[in-house]
Amino acid sequence: MTKPQSPNYRLKGPAFEHMCVAQFQHAMPGARVHKGRQAKEGGAAQADVVMPVLHVECKWRIRQNPRDALAQACADADPEQLPIAIILDLQGPKLRIGT
């Protein structure tokens, strides 16, 4: 996965989520994978990447704490889902995955 160019601040998260969706679609042909619906004003949100079995949270931040991202995935995941966090840190390694 290549690092994306820095888009507008409000667009960077959705852009990274779309990149992750594309990577999962490529890796899992035929699986139902799509970008989740985000909550507005306290409504129920979906995972950043909606797919069978996994609850995926995507974070694009400078010095993101992987434990915080994974804690969010764990808190939001349904009992039958495996929570994972995918983090793109522009000042660190390209990609960190926590399970």
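Relevant structure appears above.
What you are looking at is a predicted structure, and each value in this text was computed from that prediction instead of being measured.

Colleague: Which residues make up the state of the cysteines, and what values go with them?
Modeller: For the structure on display, the rule yields 0 disulfides. C58 provides the cysteine sulfur closest to C20, a residue in no disulfide bond, and the two sulfurs are 3.6 Å apart. Look at C20 and you get buried, because its relative accessible area is 1%. Residue C58 is classed as buried on the basis of its relative accessible area of 7%.

Colleague: Give me the pairing of strand β4 (residues 82–88): which residues, what numbers.
Modeller: Within β4, 6 of the 7 residues are buried, leaving the element largely enclosed by the surrounding structure. Taken together, the 7 bridges between strand β3 (residues 54–60) and β4 define a ladder with parallel strand orientation. Counterpart to K59 in the pairing with β4 is I87. The β-α-β motif built from β3, the intervening helix α2 (residues 66–76) and the parallel element β4 has right-handed crossover chirality.

Colleague: Go over the environment of G36, please, and point to the residues and values.
Modeller: Within the secondary structure layout, G36 lies in the loop between β1 (34–35) and β2 (49–50). Counting along the chain gives 15 residues from G36 to M51, while the straight-line C-alpha distance between them is 9.1 Å. Leaving out residues up to four positions away in the same chain, G36 has contacts with Q46, A47, D48, V49 and V50.

What counts, and where the lines are drawn
- Residues numbered from 1 in each chain as written.
- Predicted model: local features only at pLDDT ≥ 70, side-chain atom pairs only at ≥ 80, totals over all residues.
- Heavy atoms only, no water.
- Disulfide = S-S within 2.5 Å.
- Buried < 20%, exposed > 50% of the residue type's maximum accessible area, 1.4 Å probe, protein only.
- Helix = DSSP H or I, 4+ residues; strand = E, 2+ residues; numbered from the N terminus.
- Pairing = 2+ DSSP bridges.
- Right-handed = clockwise from strand over helix to strand, strands pointing away.
- Contact = heavy atoms within 4.5 Å.

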